[in-house]
Amino acid sequence: MPLIRILLFIIGIILILVFSSIHLHNRLVEFNERCLNSLSQIGIQQQSRWDALTQLAKAVKRFSEHEYDTLLKLIETRSPQRPNSAEEINADGRHFDQALGQIFAVAEQYPELKSHELFKQAMRALESYEENVRFSRMAYNDTVTRYNRAVRQFPSRLVAKRLGFQARGYLETAENVKSMPDLQF
């Protein structure tokens, strides 16, 4: 009789460990999927932002064909695929800032460009997309915080390590960009 109790106790402990591991695994998968979804959302917002930048380049075309060609080449060099990591998003942001800087430089050379209606509309759209990207980046970092906490805390750390779940990187804010860029002229 005592042997059966000991055996049932051991089986009960094993079942608790198995079900706990399954629960922790499912929780880690859920957090990982949320991180991937957040990356995808950022990619969508970034694509919209690049589309608005292309519209700005088209407004530039009316004033300088050479500047338009230069801007279009810069825009076309960006990677059209969805981001898979925080590093890719950060790189896209740096590339975007470079292109936007060139458009601002052209707008300074052609003051009448600033008052052109297509340029104004594209700037308003770009401002809206910048705000969306900023909020999407915040949502991603919040999601990564939850995921990383689950990956690093005990006991889920044991399951995460064994199944290959690793902490994810955060999206960084460049030192020179601590707030939304001023898109007004």
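If you're wondering where the values come from, they're calculated on a predicted model, not measured in any experiment.

Reading guide: rules and limits
Residues numbered from 1 in each chain as written. Predicted model: local features only at pLDDT ≥ 70, side-chain atom pairs only at ≥ 80, totals over all residues. Heavy atoms only, no water. Helix = DSSP H or I, 4+ residues; strand = E, 2+ residues; numbered from the N terminus. Rg over C-alpha atoms; globule rule 2.2 N^0.38 Å. Axes fitted to C-alpha atoms, helices over the stretch in contact; angles between N-to-C directions. Parallel < 35°, antiparallel > 145°, perpendicular 65-115°, else oblique. Left-handed = near helix turned anticlockwise from the far one by under 90°. Contact = heavy atoms within 4.5 Å. Phe/Tyr/Trp six-rings, centres within 6.5 Å; stacked < 30°, edge-to-face > 60°. Lys NZ or Arg CZ within 6 Å of the ring centre and 35° of its normal. Core = buried A, V, L, I, M, F, W, Y, C linked by side-chain atoms within 4.5 Å. Buried < 20%, exposed > 50% of the residue type's maximum accessible area, 1.4 Å probe, protein only. Salt bridge = Lys/Arg side-chain N within 4 Å of Asp/Glu carboxyl O.

Q: Looking at this model, I keep getting lost on the overall build of the protein chain. Mind explaining?
A: Across its full length, the protein chain carries six helices and zero strands. The order of α-helices and β-strands along the protein chain, N terminus first, is α-α-α-α-α-α. Taking 185 residues into account, the globule formula puts the C-alpha radius of gyration at 16 Å, and the protein chain, at 25 Å, lies well above it. Taken over the C-alpha atoms alone, the protein chain extends approximately 95 × 25 × 25 Å along its principal axes.

Q: It is not clear to me how the packing of helix α1 (residues 2–61) against helix α3 (residues 86–109) should be interpreted in this structure. Could you clarify?
A: Contact geometry of α1 with α3 gives a least axis separation of 11 Å together with a crossing angle of 15 degrees. Comparing the axis directions of α1 and α3 gives the class roughly parallel. For the pair α1 and α3, the sense of crossing is left-handed. Between α1 and α3, the residues in contact are L39, I42, Q46, R49, W50, L53, L56, A57 and V60 and A86, I89, D92, G93, H95, F96, A99, L100, I103 and V106, respectively.

Q: Teacher, can you tell me more about the packing of aromatic side chains here?
A: Note on aromatic pairs: each is described by the distance of the centres and the angle between the planes. As enumerated under the stated definition, the model contains one aromatic pair in all. Ring centres 5.2 Å apart and planes at 85 degrees place the aromatic pair W50 and F96 in the edge-to-face group. With W50 in helix α1 and F96 in helix α3, the pair connects residues that are 46 residues apart, well separated along the chain. In this structure, R49 packs its charged tip against the face of F96, placed 4.0 Å from the ring centre. For R134, the ring lying beneath its charged end belongs to F135, and the centroid distance is 4.9 Å.

Q: It is not clear to me how the nonpolar core should be interpreted in this structure. Could you clarify?
A: Across soluble globular proteins, nonpolar side chains show a tendency to be buried alongside one another. By size, the foremost hydrophobic cluster in this structure holds 22 residues, and its most contacted members are L53, L56, L113, F119 and L126. Listing elements by their share of this core, those giving two or more residues are α1, α2 (65–76), α3 and α5 (117–152). At seven residues, the largest contribution of residues to this core is made by α1. The residues touching L113, leaving out its near neighbours within four places in the chain, are A59, V60, F63, V106, A107 and F119. Counting 17 residues, the second largest nonpolar core, distinct from the first, contains L28, L39, A86 and Y147.

Q: Would you mind going over unusual backbone geometry with me for this structure?
A: Peptide bonds are, in most cases, trans, and in most cases residues other than glycine have a negative phi. In this model, F154 is joined to P155 through a cis peptide bond whose omega is 5 degrees. In this structure, P155 sits in the loop between α5 and α6 (156–163).

Q: In this structure, what is going on with the pattern of salt bridges? I would like to understand it.
A: If the charged atoms of two oppositely charged side chains come close together, the side chains can form a pair. In total, this model carries four salt bridges according to the counting rule given. Put simply, E131 and R134 hold a salt bridge, and the shortest N to O gap is 2.9 Å. Placement of both E131 and R134 in helix α5 is noted, with a separation of three residues, approximately one turn of the helix. Under the relative-accessibility criterion, E131 is labelled partly exposed at 23%. With relative accessibility at 33%, the residue R134 sits in the partly exposed group. Among the charged side chains, a salt-bridge network with shared partners connects R49, D92 and E130.

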